[in-house]
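Geometric and topological summary
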Amino acid sequence: MTFKKLTPLALALTVLPVAVLAQEADLTPPPQDVGFIFTSFMFLVTGFLVFWMAAGFSMLEAGLVRSKNVTMQLMKNIALFSLAALMYYLVGYNLMYPGDAWTISNVLGAFGTATMEPVGLAGAEPDLTYASVGSDFFFQLMFCATTASIVSGTLAERIKLWPFLIFTVVLTGFIYPIQASWKWGAGFLDTNFGFLDFAGSTVVHSVGGWAALAGALILGPRIGKYTKDGRVNPFPGSNLTLATLGTFILWMGWFGFNGGSQLYMDTAGNIADISRIFANTNTAAAGGALTAMLLTQLLYKKPDLTMVLNGALAGLVSITAEPLMPSLGSATLIGMIGGAIVVFAVPFLDKLRIDDVVGAIPVHLMAGIWGTLAVPITNPEATLFGQLASVAIVGAFVFGTSAALWLLLRAVMGLRVSADDEIAGLDKAELGMEAYPEFANT
Amino acid sequence: MTFKKLTPLALALTVLPVAVLAQEADLTPPPQDVGFIFTSFMFLVTGFLVFWMAAGFSMLEAGLVRSKNVTMQLMKNIALFSLAALMYYLVGYNLMYPGDAWTISNVLGAFGTATMEPVGLAGAEPDLTYASVGSDFFFQLMFCATTASIVSGTLAERIKLWPFLIFTVVLTGFIYPIQASWKWGAGFLDTNFGFLDFAGSTVVHSVGGWAALAGALILGPRIGKYTKDGRVNPFPGSNLTLATLGTFILWMGWFGFNGGSQLYMDTAGNIADISRIFANTNTAAAGGALTAMLLTQLLYKKPDLTMVLNGALAGLVSITAEPLMPSLGSATLIGMIGGAIVVFAVPFLDKLRIDDVVGAIPVHLMAGIWGTLAVPITNPEATLFGQLASVAIVGAFVFGTSAALWLLLRAVMGLRVSADDEIAGLDKAELGMEAYPEFANT
Amino acid sequence: MTFKKLTPLALALTVLPVAVLAQEADLTPPPQDVGFIFTSFMFLVTGFLVFWMAAGFSMLEAGLVRSKNVTMQLMKNIALFSLAALMYYLVGYNLMYPGDAWTISNVLGAFGTATMEPVGLAGAEPDLTYASVGSDFFFQLMFCATTASIVSGTLAERIKLWPFLIFTVVLTGFIYPIQASWKWGAGFLDTNFGFLDFAGSTVVHSVGGWAALAGALILGPRIGKYTKDGRVNPFPGSNLTLATLGTFILWMGWFGFNGGSQLYMDTAGNIADISRIFANTNTAAAGGALTAMLLTQLLYKKPDLTMVLNGALAGLVSITAEPLMPSLGSATLIGMIGGAIVVFAVPFLDKLRIDDVVGAIPVHLMAGIWGTLAVPITNPEATLFGQLASVAIVGAFVFGTSAALWLLLRAVMGLRVSADDEIAGLDKAELGMEAYPEFANT
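An account of the accompanying structure is given in this report. Since we're looking at a predicted model, the values are computed, not measured.

Scanning chain A for helices and strands turns up 18 helices and zero strands. Classification of the 442 residues of chain A by burial places 70% in the buried group. Per element, the accessible surface of chain A, about 12200 Å² overall, is 67% carbon and sulfur.

Turning to the packing of helix H3 (residues 31-64) of chain C against helix H10 (residues 240-259) of chain C, a few remarks are in order. Residue and element names in this part refer to chain C. Closest axis-to-axis distance for the H3/H10 pair is 7 Å, and the angle between their directions is 155 degrees. Regarding the angle of H3 to H10, the classification is roughly antiparallel. Both H3 and H10 take part in a crossing whose hand is left-handed. Partitioning the contact of H3 with H10 into residue classes produces 18 nonpolar, eight polar and no charged.

Quick look at the side chain of Ser132(B) now. Within the secondary structure, Ser132(B) is located in the loop between helix H5 (104-109) and helix H6 (133-154). Ignoring sequence-local partners within four residues, the contact set of Ser132(B) consists of Ile271(A), Ala272(A), Ser275(A), Phe36(B) and Ser40(B).

What follows concerns the packing of helix H7 (residues 161-183) of chain C against helix H16 (residues 384-413) of chain C. Residues and elements named next belong to chain C. Between H7 and H16, the least distance of the axes is 11 Å, while the angle of their chain directions is 160 degrees. With respect to H16, the axis of H7 lies roughly antiparallel. Relative to H16, the crossing made by H7 is right-handed. Residue-level contacts link Trp-162, Pro-163, Phe-164, Ile-166, Phe-167, Val-170, Ile-175, Ile-178, Gln-179 and Trp-182 of H7 to Ile-393, Val-394, Phe-397, Val-398, Thr-401, Ser-402, Leu-405, Trp-406, Leu-409 and Met-413 of H16. Here the contact of H7 with H16 is composed, by residue class, of 17 nonpolar, three polar and no charged.

Let us now look at the packing of aromatic side chains. In the structure shown here, the tally under the stated rule is 93 aromatic pairs over all chains. The interplanar angle of 85 degrees and the centroid separation of 6.2 Å between the aromatic rings of Phe439(A) and Phe439(C) together place this pair among those described as edge-to-face. Taken together, the residues span two chains, with Phe439(A) in the segment after helix H18 (426-431) and Phe439(C) in the segment after helix H18 (426-431). The exposure classification of Phe439(A) matches that of Phe439(C), with both residues buried. Relative to Phe138(C), the ring of Phe255(B) has its centre 4.9 Å away and its plane inclined at 80 degrees; by these criteria the two rings are edge-to-face. Remark: Phe138(C) occurs in helix H6 (residues 133-154) and Phe255(B) occurs in helix H10 (residues 240-259); the pair is interchain, linking two chains.

With that settled, consider the pattern of salt bridges. Residues and elements named next belong to chain B. Taken as a whole and assessed by the stated rule, the structure comprises 18 salt bridges over all chains. A salt bridge links Asp-229 to Arg-231, with the nearest nitrogen and oxygen atoms 3.4 Å apart. The exposure class of Arg-231 is partly exposed, given its relative accessible area of 47%. For Arg-416, the salt bridge is made with Glu-422, and the minimal N-O distance between the two is 2.8 Å. On the basis of relative accessible area, Arg-416 is assigned to the partly exposed category, the value being 26%. The class for Glu-422 is buried, based on a relative accessible area of 3%.

Calculation notes
Residues numbered from 1 in each chain as written. Chains lettered and ligands numbered in written order. Predicted model: local features only at pLDDT ≥ 70, side-chain atom pairs only at ≥ 80, totals over all residues. Heavy atoms only, no water. Helix = DSSP H or I, 4+ residues; strand = E, 2+ residues; numbered from the N terminus. Buried < 20%, exposed > 50% of the residue type's maximum accessible area, 1.4 Å probe, protein only. Areas by Shrake-Rupley, 256 points an atom, 1.4 Å probe, with all protein chains shown as cover. Axes fitted to C-alpha atoms, helices over the stretch in contact; angles between N-to-C directions. Parallel < 35°, antiparallel > 145°, perpendicular 65-115°, else oblique. Left-handed = near helix turned anticlockwise from the far one by under 90°. Nonpolar A, V, L, I, M, F, W, Y, C, P; charged D, E, K, R; others polar. Contact = heavy atoms within 4.5 Å. Phe/Tyr/Trp six-rings, centres within 6.5 Å; stacked < 30°, edge-to-face > 60°. Salt bridge = Lys/Arg side-chain N within 4 Å of Asp/Glu carboxyl O.

So this is what it looks like as structure tokens:
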């Protein structure tokens, strides 16, 4: 576009010979463009919703850490999203969709001159058999970034910035796309195991969860979290309003996450399916939140807001593997079980002295496994064996490679800040900048 | 979908025989699907915008209560949305749209096995005469949830959690959908009174306002709000940044609230109307905000931010009954009067010793009535009598049933926390969890 | 619409003679409406994203000022958006798109009775050669408001409310639309200089930046910012979580800002272009953020979060002049240079003792100039001379008129609060209302 439109408001308000104008140059698209426009625009809308989840994770995590570590948590979140954007572009996207032949040259090709070309075919000659490559890339990129967001929450308040970022580079550039190709790149989990994972309870959420679990085990708990006599110190989050905002943001973004995974919006059937996915996604979150509220009321006599937030998120993760086939009732139940998992898994992890600052392992790993195994309940095309085997294979790969990488990083540069720095807070020690510098801490 | 797309970036960057590919399988939708896709997708987009309003209410209310009650306010907001989601699905949706025959069996049917079926017809066989049922359900659900959000703000800082939630169950499952059916379910207000309420100044906003007013009268004011010698203690909000964020979120969500209520996006005429609704909604909010700023400057010599925020919201409520017909100028004026109502109604309520913590009654009830009565000014199809009668009938029904329910709840389980708990704050007393635990309160 | 849909959920769940229904009344739009609906809906979606940037600026600025000035900063932001909405409607839109003849009557016409007409043609008779007037107006309005948001950040913590708002009136009603008409209204920069500025690195962002620079020079720095012995006091932001949230909001909104500037979504080519713009916009932001992180690590041994946030924003501003033509690689590089500009420009401005509270001049003015000059690198239709000349002409006009207006306002009513009020904070002194009244300041 070399200039914007000319019609002034005043002109539009006069009586115009509309029919004549309309005959001069109307905006009738060629029929074969219509479904392409629908699907591509759907990817852009659902893609910006998934982008928005990056803000949701940032607010959730910043709200759940102690105020002395907030700046660092924000830094990690904006940096991990940016790194994911670059790594998925440079390596991950081609690694994930190897096409007919999964050759190393195809992968390395991404580093070559081809990356200096515009994304996808030029507007003048799009491939009309699917969405525009740019819209697909934009949408898929956001999923890759989500994986990395999950890890940062678990390992908060003690991991150094740079090893975390190096891990993020490998996770988003290699670990995530390689295992994602097994399912979404038409790899062996898809073809040999009949694995079904609509929007990624396993492919996205459990992957983040496994990487986080490996990190938590190797990194160890925060100083003072577990006492020698077996007590657990709660370390309450510093800003529950922002944690709640983060949860609402994630809930909203999840409509894009699950809805966009329909991948097509070119027919009435596809939009009817996307609509059902939106409704099911919402009700699963509601079920998870209410279950966590009721269970914490029953167990602890007081409903626990952070459990309710994580319950909603666990409901969302649970429905992600199959958001289309369940009825509203089944979707609610699937989400409710997700919410219950969180309530029991959080103290269970504490018993194992696995310190997960924001509860990402219960939410993304455990509810992710539950959601994946629940697919056969409503979708007869899935088998429990295929789901279980795929969960195990993905888990072994991600946990193994992540653990190896965490150990390597620990050996080479150290993973953990010094005890003094941890007690002082990462913000002062590592960044020299506080998130709330004017407010007196108690 | 069993797997995601295959075309790698590198492939897309090579010179492809595009025309050949395009001939193989293009995405041309059947012509009769196009309007269905447009309308359904419009409902999903406007629906997630209205969902977003739940976050807006949460932030607005969390920002306007004192910090000792913030966690409770967040808990109420996420719980009420979740309850609304379930109740509207289990009962409300069918109650609101009874179809040809409004029979109790039709209503009870919703409790039956049918609710275990997927929402709407399967993607393969959608009903092409309107939007997909799933998208319509998703959109309408969000309106129901909005009603409950309004109540929580007024009654903050003193009402117990569980009676509030039980009220929410009845409001979202029964009170809201029954009266909504009188208008939007083609009931007697629609057919006999010619009542016009495009997006719900009365059907949604005043309903929340009446329920809140009944609650405020029965619950009584907060301790210390009104002194014996007639003074009013201001109790300033604890976080005006988040209150402002909440207002912007609500403003954004309102584009979906009013725009989606056009209900169709299948023709140039409908999208032109939706566009005008977006523009009018925006300018009414701007008018309300500026009016509140100017009036508080004139009356108090200092513009009052919380009045400006509520002024914007009152402008939005005012234009909701008729966002299509007014010109930009008329829409601005309608919003300005809404903003003025807030400035005068807030101290008026205080004079009556009705304690409305966030100003929801002036914003949603009073500006809602104003907006409803203003419809005949720009829409000749409406009559002042029809509008007035409908406001009165809806008001009597909602206020009456709400008051009865509040009184019942007070008798059975008590509505109000103890004076000690209220002074200590609901967060510590009822939840044992503070929203900002590290920050010293003054 | 006089009533909402009737089909109850239960009805939809029964076996319906779908084919019969579909024949009765389907939603097939006339073919000539389809592109009109696509483009108009695209403007509404990208428009609400750009609206959302108003919230982003509010959070960014509220997070970067000291807590004693937060309420004022929120007041300015909501007021400036509202004023922009009114002024652009009353004057700016017609001034910006003068149509065939740029006559004063055409401009004044906007004040006349015509403004009492609904926006654009009625839904029944839209002009099908472009988007609906309402959607175009809604979208363009948001750009105008953005310009004003930029100014408020630079001049925070010392400027009085009312002169700032009067400046906003002139900026949004006259200065912005006049210069915008030179390019987007098909004026002389477009026709004579071949100036290319896709979404407004110069037309929007540098305009805000020049106005802010003129204000900063005339207003002078905050008390205590620069000491006599040449030191710079940092004055850290009071809430980095909200500043980060603001950055994410702006990042999200920018997809609409740049994507919507394609202006058409009626063909596969256009949506393919919009998709590339989304992907390029995202990667430029990521490049800017990472560059700022790496550079501050190298220069100061500690990465600086506020620099990272501004680096992302500078990346976004940099790609705004030409978000379509670059490859992902080039877009990343363009954004990276933007991020580098911020890191070096912030201390450079401090050396000049130009006090820019939030870094808006480096981000919007300097990166805006960079982005504009970078267009010829990827778009052969642009010339370096045409770009340079246009930057200079726009800059001279905006800086000159802004400086004149600031000086006039200073002479007539004073621009700056008293030293006592500045030290006490604008919230107490000018508004009598604190943003965080319960939290003890250190």
